[in-house]
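Fold and contact review
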There are 2 protein chains.
Amino acid sequence: MRPVRDALDLLGGKWKLPIIVGLLHGPKRFKHLQREVAGITAKMLSKELKELEQNGLLVRHVEAEGVPVAVTYTLAEYGEQVFPVIEALRVWGQLHRARIMQAASAPTEAAT
Amino acid sequence: MRPVRDALDLLGGKWKLPIIVGLLHGPKRFKHLQREVAGITAKMLSKELKELEQNGLLVRHVEAEGVPVAVTYTLAEYGEQVFPVIEALRVWGQLHRARIMQAASAPTEAAT
DNA sequence: CAGAATCCCTTGGGATACTG
DNA sequence: CAGTATCCCAAGGGATTCTG
């Protein structure tokens, strides 16, 4: 149980996992990432990225110092390791969706 | 991504997963479960159990109507399916612990 | 025992405006 | 573009007390 709590401490909350998902397919810029993670505000994204970076899950890289500065975020190896967690969630989430659909289309006993 | 969000909606938060872990090894009474899930208050446990039951993850069963009434909570098959998620979290959590330990005992480059 | 009720504080997080 | 700063509300969650 303890390891599970540890993981939950680092990956818990509304945004951590979705952000990691957004970075699974390669580095992304701040703005791009914000578009990827539907609904997140700049404030939250900034805050969460900071935490994920501090825990070594991802790496922040300043690409260009120009006036419109360019920064990219890349998943660290350590961050990529959470992939199985995401996969497990995805599988269960699909199971859930199927379950809901079925319940809606087959009110065999309950309703009436 | 959508399925992941769905799963997060049902399993997210501080207590849902720990409660499910507590029920993995068989049915438990309210009080027993509260002891199992370190730190949870009766209020939270009650609230979370209600939500988990409504989503079909577990089943509430009144064993005895006596004065000291007895109620047990059992993981439904649907709830057992989240086991892979918990396992993935546990594995990652252990990886994390190992990483922290190593960082603390081997300040090779960084420190000094 | 199993939980509901009340009170209250803390945190998450959205909106908007501003800066390097 | 990549954030930061401020304001502010709603939800999360703890402590305590009460009841069937």
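The following refers to the structure shown. Since this is a predicted model, take the numbers as computed values, not measurements. (Residues numbered from 1 in each chain as written. Chains lettered and ligands numbered in written order. Predicted model: local features only at pLDDT ≥ 70, side-chain atom pairs only at ≥ 80, totals over all residues. Heavy atoms only, no water.)

Examining the environment of Lys31(B)
Considering the arrangement of structural elements, one finds Lys31(B) in helix 3 (residues 30–36). In this structure, the C-alpha to C-alpha distance between Lys31(B) and Ala42(B), residues 11 residues apart in sequence, is 8.4 Å. (Helix = DSSP H or I, 4+ residues; strand = E, 2+ residues; numbered from the N terminus.)

Some thoughts on the sheet that holds strand 2 (residues 58–64) of chain B
All names here are of chain B. A sheet is described by the order of its strands in space; here three strands give the open sequence 1-3-2, paired in antiparallel fashion. At either end of the open sheet lies a strand with only one pairing partner, and these are strand 1 (28–29) and strand 2. As defined by bridge partners, strand 2 adjoins strand 3 (residues 70–75) across six bridges and the pair is classed as antiparallel. In the sheet register, His 61 faces strand 3, and the bridge partner there is Thr 72. Packing against the sheet, helix 2 (residues 16–23) makes contact with strand 1, strand 2 and strand 3, and its axis sits at approximately 100° to strand 3. (Pairing = 2+ DSSP bridges. Contact = heavy atoms within 4.5 Å. Axes fitted to C-alpha atoms, helices over the stretch in contact; angles between N-to-C directions.)

Quick look at the packing of aromatic side chains
On inspection of all chains with the given rule, the structure shows two aromatic pairs over all chains. Look at Tyr78(A) and Trp92(B): their rings are 5.1 Å apart centre to centre, the planes differ by 15°, and that puts the pair in the stacked class. Placement of the pair is Tyr78(A) in helix 5 (residues 77–80) and Trp92(B) in helix 6 (residues 83–105), with the two residues belonging to separate chains. You'll find Tyr78(A) and Trp92(B) in the same group, each marked buried. Directly above the ring of Tyr78(B) sits Arg99(A), whose terminal nitrogen or CZ lies 4.0 Å from the centroid. (Phe/Tyr/Trp six-rings, centres within 6.5 Å; stacked < 30°, edge-to-face > 60°. Buried < 20%, exposed > 50% of the residue type's maximum accessible area, 1.4 Å probe, protein only. Lys NZ or Arg CZ within 6 Å of the ring centre and 35° of its normal.)

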